[in-house]
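Listed below, chain by chain, are the residues.
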Amino acid sequence: MEVLSLPPMSKKVRLRFAPSPTGGLHLGGVRTVLYNYLFARRHGGDFILRIEDTDQSRYVAGAEEYILDCLKWCGLEPDESPNRPGAYGPYRQSERKAEGLYEKYAAQLIQQGHAYYAFDTPQELEEMRAKYKTAENPSPQYNHVLRGKMKNSLTMTPEELQQQLAAGTPHVIRIKINPGEDIRFTDLIRGEVHFSTSGVDDKVLLKADGMPTYHLAVVVDDRLMEITHAFRGEEWLPSAPVHILLWRYLFGEEHMPQWAHLPLILKPDGNGKLSKRDGDRLGFPVFAMNWTDANGETTKGFREMGFLPEAFINLLAVLGWNDGSEQELFTLEELTEKFSLDRVHKGGAKFDFDKAKWFNHEWIKRLPVAAYRDRVKDFFITGLAINGEAAGAEKAMAELKNAISGSNEAKFEKALELVKDRCTLLTDFVQQSSFFFVAPTQIDTVAVQPKWTAAKQTFFAELLRQFTFISPWEAPILEKEFKEMAAAAEIKPGDLLLPLRVMLVGGKFGPGVFDIAALLGQKETEHRIKHALSLLKV
Ligand code: GLU
């Protein structure tokens, strides 16, 4: 019997991320990418992106580009991919199918007696399910129990089979799973895992349209692409016995990649897998970047919410892994140095959006001002920001865009410096800095009015007169003058600072109030104080 021979595997460490292009990339998917990527880098290996697009019914246009863009944004670019082919192409399964890479393995399995042809129509399958359905077994499977009752090469004579094939009757090829076998493998996270084949159905390997299913394609491709390690989500664990059998029959288990099934990312309350719906319900993203589906409905992504890729990667790395110390902030380089699978937890990791924002805040604080400026510019100019919504006022947003695109670069730079550490998300820059560019439309007089007095009114009127003598118009000089005047008026400076802040920014927020006045300039500061004084009643 012909067994297809292949060149020996190279010993280089090679890992792959093998998504199906069906929609937005879930943060769990990005964490899978990250762990594969880190392991490959750590061991001087290759990281490959393979597009698993054999299920034409689930194919979504644009999803592949989207995945590539996500990896680019995250800084986790593959060494080999459809866009960057290496020596193991093609990197899309549909193209590999076109090159005839799968049928011959299905044929080999048939020859070996490990697979068979099945001619059952969808209707016949439906009838089978209805007929054998019981309370204990609500969805009967095509398996060792039922295959003997179905229309397949195991129940036909060789002549019947030849007739069917010659007539071109639509058919699939199924794996023949023998019951009662114990399948074992060592998972790099879970340790020894075993299954009995009795619970496994005769999965389809080659579909009626000639396309391989995921099960056949993943095994063939992992071998042909010389994959040495494969880390994937825990949801693939039930498929492992089928894959192991295919490895055994086709290539020998000794060549099988070492598997690691990554624990799930759980809902914040720990009850089940975090889904896109949880994100919608709880108001946080679960996709890496915005994803717009065929109905034009957009699901928000971490990128558009104002996350930095460094923070996104960092928070995903520690969702289920730590380096054994208290350290929480890691650069990609540090992660590459420190990542190891033996510190990946077996249990699921709860997603906590507040903690995710904490990571982003820490990463914004870590960015040098110049780098922060570039990110803010990119973010707002490329229009990623959720315009208007974040600004609260379109005019402020327009002014801000002007400043950002260079009409008042110096002011923009200074504003950036002042508000950087106060921003948790990149979008916060608008709320935190728009008052520098446009006077607040509303003044929170409620915060000031109850403690407003004639003495304070007089103080501010006097302050306005003194402004003419303040030179240069700089924060320390303004502060000194302000405090001297407060002492002379016998009012605690603390009681005057809040009103000044509210007059200048509209509310109780923002950086140092003298820094704000300095950047606003004398005329604008005067103008805002006068306007607020006109609203306050003694
Ligand atoms: N195509 C599978 C997916 O969409 C890949 C699973 C695996 O890594 O084996 O996740």
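Scroll up to find the structure.
Residues numbered from 1 in each chain as written. Predicted model: local features only at pLDDT ≥ 70, side-chain atom pairs only at ≥ 80, totals over all residues. Heavy atoms only, no water.

A. Representation of the overall build of the chain within the structure. When you go through the chain residue by residue, the secondary structure sums to 22 helices and 13 strands. Computed over its C-alpha atoms, the radius of gyration of the chain comes to 32 Å, more than 25% above the 24 Å expected for a compact globule of 538 residues. Within the chain, the proportion of its 538 residues that are buried is 50%. Within the chain, contacts between residues separated by at least 24 positions form 74% of all contacts whose residues are at least 6 apart in sequence. (Helix = DSSP H or I, 4+ residues; strand = E, 2+ residues; numbered from the N terminus. Rg over C-alpha atoms; globule rule 2.2 N^0.38 Å. Buried < 20%, exposed > 50% of the residue type's maximum accessible area, 1.4 Å probe, protein only. Contact = heavy atoms within 4.5 Å.)

B. A look at the site of the ligand. Surrounding the ligand, one finds Arg16, Ala18, Ser20, Glu52, Tyr214, Val218, Arg232 and Trp236. Within the side chain of Glu52, a nitrogen or oxygen atom sits 2.6 Å from a nitrogen atom of the ligand. For the ligand, an oxygen atom lies 3.0 Å from a polar atom in the side chain of Arg232. For the ligand, the accessible surface in isolation is 300 Å², of which the surrounding protein chains cover 84%. (Near = heavy atom within 4 Å. Polar contact = N/O pair within 3.5 Å; in protein donor to acceptor, adjacent residues only side chain to side chain. Areas by Shrake-Rupley, 256 points an atom, 1.4 Å probe, with all protein chains shown as cover.)

C. Summary view of unusual backbone geometry. Cis geometry marks the peptide bond from Gly89 to Pro90; its omega dihedral reads -10°. As for its placement among the helices and strands, Pro90 is situated in the loop between helix H2 (63-74) and helix H3 (93-98). Look at the link from Ser471 to Pro472: it is a cis peptide, with omega at -10°. Within the secondary structure layout, Pro472 lies in the loop between helix H18 (454-466) and helix H19 (475-489).

D. Spatial organisation of the packing of aromatic side chains. A full pass over the atoms with the stated rule returns 30 aromatic pairs. Seen in terms of ring centroids, Phe459 and Phe482 are 5.2 Å apart; in terms of plane orientation they differ by 85°. Their pairing is edge-to-face. One end of the pair, Phe459, is in helix H18; the other, Phe482, is in helix H19, with 23 residues separating them in the sequence. For Phe482, a relative accessible area of 1% corresponds to the buried category. Each residue in the set Trp73, Phe284, Phe302, Phe307, Phe312, Phe351 and Phe353 is aromatic and connected to the rest through ring pairs, giving one cluster. (Phe/Tyr/Trp six-rings, centres within 6.5 Å; stacked < 30°, edge-to-face > 60°.)

E. Fine view of the pattern of salt bridges. Inspection of the entire model under this criterion finds 40 salt bridges. Residues Glu304 and Arg303 are paired through a salt bridge, measuring 3.2 Å at the closest nitrogen-oxygen approach. By relative accessible area, Glu304 is classed as buried at 6%. Its salt-bridge partner being Arg373, residue Glu413 comes within 2.9 Å of it at the nearest N-O pair. (Salt bridge = Lys/Arg side-chain N within 4 Å of Asp/Glu carboxyl O.)

F. Spatial organisation of the layout of surface pockets. What the largest pocket holds in volume is close to 1,200 Å³. If you trace the largest pocket, you find 47 residues lining it, with Pro19, Ser20, Arg58, Glu235 and Trp236 closest to the centre. Listing elements by their share of the lining of the largest pocket, those giving two or more residues are strand E1 (14-17), helix H1 (27-42), helix H7 (214-224) and strand E8 (229-233). Residue contributions to the lining of the largest pocket peak at four residues, all from H1. Of the residues that constitute the lining of the largest pocket, the class distribution is 19 nonpolar, 13 polar and 15 charged. (1 Å grid on protein atoms, 1.4 Å probe; cavity = no way out; pocket = protein on both sides within 12 Å on 5 of 7 lines; lining within 4 Å. Points joined across faces, edges and corners; volume = space filled by probe spheres on them. Nonpolar A, V, L, I, M, F, W, Y, C, P; charged D, E, K, R; others polar.)

G. Examining the nonpolar core more closely. If you look at the biggest cluster of nonpolar residues, it comprises 115 residues, and the most contacted ones within it are Leu27, Phe312, Phe351, Phe429, Phe436, Phe460 and Ile529. At nine residues, the largest contribution of residues to this core is made by H1. Dropping the residues within four chain positions of it, Ile529 is found in contact with Phe460, Leu463, Leu464, Phe467, Leu500, Met503 and Leu504. (Core = buried A, V, L, I, M, F, W, Y, C linked by side-chain atoms within 4.5 Å.)

H. Summary view of H18. Along its 13 residues, H18 runs 18 Å from first to last C-alpha, staying within 8% of the 18 Å computed at 1.5 Å per residue. For H18, the complete set of buried residues consists of Lys456, Phe459, Phe460, Leu463 and Leu464. Each buried residue of H18 sits inside an arc of 135° when the element is viewed along its axis, so together they form one side. Tucked inside the fold, the buried residues of H18 contact H19, helix H20 (493-505) and helix H22 (522-535). (Expected span 1.5 Å × (residues − 1). Arc of directions from axis to C-beta.)

I. Structural detail: the environment of Ala454. Mapped onto the secondary structure, Ala454 falls in helix H18. Along the primary structure Ala454 and Lys537 are separated by 83 residues, whereas in three dimensions their C-alpha atoms are 8.9 Å apart.

J. Region of interest: empty space enclosed by the protein. Considering all chains together, one arrives at two cavities of 30 Å³ or more under this definition. Estimated volume of the largest cavity: approximately 70 Å³. What lines the largest cavity is simply Leu463, Phe467, Ile470, Leu478, Glu481, Phe482, Leu500, Phe514, Ala517 and Thr525. Those elements that place two or more of their residues in the lining of the largest cavity are H19 and helix H21 (513-520). The dominant element in the lining of the largest cavity, judged by the number of residues it contributes, is H19, at three residues. Looking at the lining of the largest cavity, its residues break down into eight nonpolar, one polar and one charged. A volume near 40 Å³ is recorded for the second largest cavity. Forming the boundary of the second largest cavity are Ile443, Thr445, Val448, Pro499, Val502, Met503, Ala532 and Leu536. The residue inventory of the lining of the second largest cavity, partitioned by class, reads seven nonpolar, one polar and no charged.

K. Structural context of the packing of helix H11 (residues 309-317) against helix H13 (residues 353-366). Contact geometry of H11 with H13 gives a least axis separation of 9 Å together with a crossing angle of 135°. In terms of orientation, H11 lies oblique with respect to H13. The interaxial crossing formed by H11 with H13 has right-handed handedness. Facing Glu310, Ala311, Asn314 and Leu315 of H11, the residues of H13 in contact are Ala356, Phe359, Asn360 and Trp363. (Axes fitted to C-alpha atoms, helices over the stretch in contact; angles between N-to-C directions. Parallel < 35°, antiparallel > 145°, perpendicular 65-115°, else oblique. Left-handed = near helix turned anticlockwise from the far one by under 90°.)

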